[in-house]
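As a plain string of letters, each chain reads:
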Amino acid sequence: MDIRSVMVVGAGQMGSGIAQVMARSGLETLLFDSNAAALEHGMAKIRKNLERDVEKGRLSAADRDAALGCLRAAPGLDAAGSTDLVVEAVVETMDVKGPLFQVLDEICPPATILASNTSSLPITRLASATSRPQKVVGMHFMNPVPVMSLVELIRGLLTDDAVCQAITALGKRLGKTVVEVRDVPGFVSNRVLQVMINEAIFCVYEGVATPEGVDTVMRLGMNHPMGPLALADLIGLDTVLSILEILYEGYGDPKFRPCPLLRQYVAAGLLGRKSGRGFYDYP
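Residues numbered from 1 in each chain as written. Predicted model: local features only at pLDDT ≥ 70, side-chain atom pairs only at ≥ 80, totals over all residues. Heavy atoms only, no water.

**Quick notes on the sheet that holds strand E4 (residues 85–88)**
Strand pairing in a sheet relies on backbone hydrogen bonds. The paired strands run either parallel or antiparallel.
Phase 1 of the analysis: Read across the open sheet, the 8 strands follow the order E3-E2-E1-E4-E5-E6-E7-E8; overall the sheet is mixed. Of all strands in the sheet, those with a lone pairing partner are strand E3 (71–73) and strand E8 (177–181), marking the two edges. Each neighbouring strand pair of the sheet contributes to a mean axis angle of 25°, computed without reference to strand direction.
Phase 2 of the analysis: Taken strand by strand, helix H4 (residues 94–107) contacts strand E1 (5–9), E4, strand E5 (113–116) and strand E6 (136–141), and its axis lies near 165° from that of E5. (Pairing = 2+ DSSP bridges. Helix = DSSP H or I, 4+ residues; strand = E, 2+ residues; numbered from the N terminus. Axes fitted to C-alpha atoms, helices over the stretch in contact; angles between N-to-C directions. Contact = heavy atoms within 4.5 Å.)

See below:
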């Protein structure tokens, strides 16, 4: 099962990053977003990132041009019908992802693999929205995609072995390390990470330390490259809350109960970097 062409659906931070690494590896890559402004911004961000890599000596001008030559903005979702793989990277809710998978299932030929970049939602449930559950798989990239080397491969209950083998081979082509995990809420990455972030928020909520203090302890004491609260701001506090709610519902374990302070921040529109303010200010 050779993957030569891909469409990425969703041109936000994750989707544009996924499209960038796909194009850099020589795959014919389409990027689509139902929001035209978001699509334009995503394409511009990729061009800017590649140009920065050239300026810093990480990429040759010829390789930049080759990557851009492999990348196109898709005029509509129907263009997915000509690709070997579709990677969905839209908002982290089943209400959005489920209907999207239904539409993709109708558009794409039977051989096309449908992958989700979901960080917490069950792949088996997404697959049930299609007539090809054996062709549906989780392909969870880490943020920022061009930098982070991990991809979690999540096998749904009915996912074919050949599909997992194809995604593993693709991950290696992208220069990623692929780790296969079970289809459980949060998989491995967010099952572990979100508990740490939530506990860091509780430390602020209970007055144990300031956000700066919590992050400094984790950076200098635990050798983390970024503190958990700065990381939460980068992910987006609304996304953190959504993932914690999925974990809490999926496991029924109080250790996943979102901190009330997190709920307050999200209700106030303090979402982190994307809104200009979260636990830190971003002018």
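Back to the text.
**A word on unusual backbone geometry**
Across the chain, the bulk of peptide bonds are trans and the bulk of non-glycine residues have phi less than zero.
Phase 1 of the analysis: In this structure, Pro-144 follows Asn-143 across a cis peptide bond, with omega equal to 0°.
Phase 2 of the analysis: The backbone of Phe-187 sits at a positive phi, close to 55°, despite the residue not being glycine.
Phase 3 of the analysis: Of note, Phe-187 is situated in the loop between E8 and helix H7 (189–205).
Phase 4 of the analysis: One non-glycine residue with positive phi stands out, namely Asn-223, at about 65°.

**Thoughts on the environment of Lys-274**
Phase 1 of the analysis: Here Lys-274 is to be found in the segment after helix H11 (260–267).
Phase 2 of the analysis: Between the alpha carbons of Lys-274 and Glu-152 there is a distance of 25 Å; along the sequence they are 122 residues apart.
Phase 3 of the analysis: Residue contacts for Lys-274: discarding those within four places in its chain leaves Gly-236, Asp-238 and Thr-239.
Phase 4 of the analysis: Side-chain polar atoms of Lys-274 contact the side chain of Asp-238, separated by 2.8 Å. (Polar contact = N/O pair within 3.5 Å; in protein donor to acceptor, adjacent residues only side chain to side chain.)

**Some thoughts on the UniProt feature "site: Important for catalytic activity" (unreviewed entry) in the chain**
Phase 1 of the analysis: In the numbering used here, UniProt assigns the "site: Important for catalytic activity" (unreviewed entry) feature to His-140.
Phase 2 of the analysis: Position of His-140 relative to the elements: it lies in strand E6.
Phase 3 of the analysis: Classification of His-140 by relative accessible area gives buried; the value is 6%.
Phase 4 of the analysis: Beyond its immediate sequence surroundings of up to four residues, His-140 is in contact with Ser-116, Asn-117, Thr-118, Ser-119, Leu-150, Val-151, Glu-152, Ile-154, Phe-187, Ser-189 and Asn-190. (UniProt positions renumbered as here; feature names shortened; annotations may be inferred. Buried < 20%, exposed > 50% of the residue type's maximum accessible area, 1.4 Å probe, protein only.)

**Remarks on the packing of aromatic side chains**
Phase 1 of the analysis: A complete count under the given rule lists 3 aromatic pairs for this structure.
Phase 2 of the analysis: Aromatic pair Phe-202 and Tyr-205: ring centres 6.2 Å apart, planes at 70°, arrangement edge-to-face. In this pair, Phe-202 and Tyr-205 are both assigned in helix H7, 3 residues apart and thus about one turn of the helix distant.
Phase 3 of the analysis: Residue class for Tyr-205 comes out partly exposed when judged on its relative accessible area of 42%. (Phe/Tyr/Trp six-rings, centres within 6.5 Å; stacked < 30°, edge-to-face > 60°.)

**Some details on the environment of Tyr-265**
Phase 1 of the analysis: Relative to the assigned elements, Tyr-265 resides in helix H11.
Phase 2 of the analysis: In the structure, Tyr-265 is positioned 27 residues away from Asp-238 in sequence and 8.6 Å away in space, judged by C-alpha atoms.

**Considering the pattern of salt bridges**
Phase 1 of the analysis: Per the stated rule, a full pass over the model turns up 13 salt bridges.
Phase 2 of the analysis: Residue Asp-53 pairs with Arg-58 through a salt bridge whose shortest N-O separation is 2.8 Å.
Phase 3 of the analysis: Close ionic contact of Lys-97 with Glu-92 constitutes a salt bridge, the shortest N to O distance being 3.6 Å. Each member of the pair, Lys-97 as well as Glu-92, is classed as buried.
Phase 4 of the analysis: Among the ionic contacts, a cluster of salt bridges with common partners joins Arg-24, Asp-53 and Arg-58. (Salt bridge = Lys/Arg side-chain N within 4 Å of Asp/Glu carboxyl O.)

**Notes on H11**
Phase 1 of the analysis: For H11, every residue scored as buried is listed here: Leu-261, Leu-262 and Tyr-265. The arc enclosing the buried residues of H11, seen along the axis, measures out at 100°, which places them on a common side. Turned more than 90 degrees away from the buried face of H11, the exposed residues are Gln-264 and Ala-267. (Arc of directions from axis to C-beta.)

**Some remarks on the UniProt feature "binding site: NAD(+)" (unreviewed entry) in the chain**
Phase 1 of the analysis: Sequence positions flagged by UniProt for "binding site: NAD(+)" (unreviewed entry) are, in local numbering, Gly-10, Ala-11, Gly-12, Gln-13, Met-14, Gly-15, Asp-33, Glu-92, Lys-97, Ser-119, Asn-143 and Lys-274. Checking the named residues against the largest pocket, the ones that line it are Gly-12, Gln-13, Met-14, Gly-15, Glu-92, Lys-97, Ser-119, Asn-143 and Lys-274.
Phase 2 of the analysis: When you line up the elements, Gln-13 lands in helix H1 (residues 13–24).
Phase 3 of the analysis: Of the residues examined, Gln-13 reaches a relative accessible area of 36% and is grouped as partly exposed.
Phase 4 of the analysis: Ignoring sequence-local partners within four residues, the contact set of Gln-13 consists of Lys-45, Asn-143 and Leu-234.
Phase 5 of the analysis: Tracing the backbone shows Asp-33 in the loop between strand E2 (28–32) and helix H2 (36–55).
Phase 6 of the analysis: With relative accessibility at 16%, the residue Asp-33 sits in the buried group.
Phase 7 of the analysis: Each residue touching Asp-33, except ones within four places of it in the same chain, is listed here: Gly-10, Ala-11, Gly-12, Ala-38 and Leu-39.
Phase 8 of the analysis: One polar contact links the side chain of Asp-33 to the main-chain amide nitrogen of Ala-11, over a distance of 2.9 Å. (1 Å grid on protein atoms, 1.4 Å probe; cavity = no way out; pocket = protein on both sides within 12 Å on 5 of 7 lines; lining within 4 Å.)

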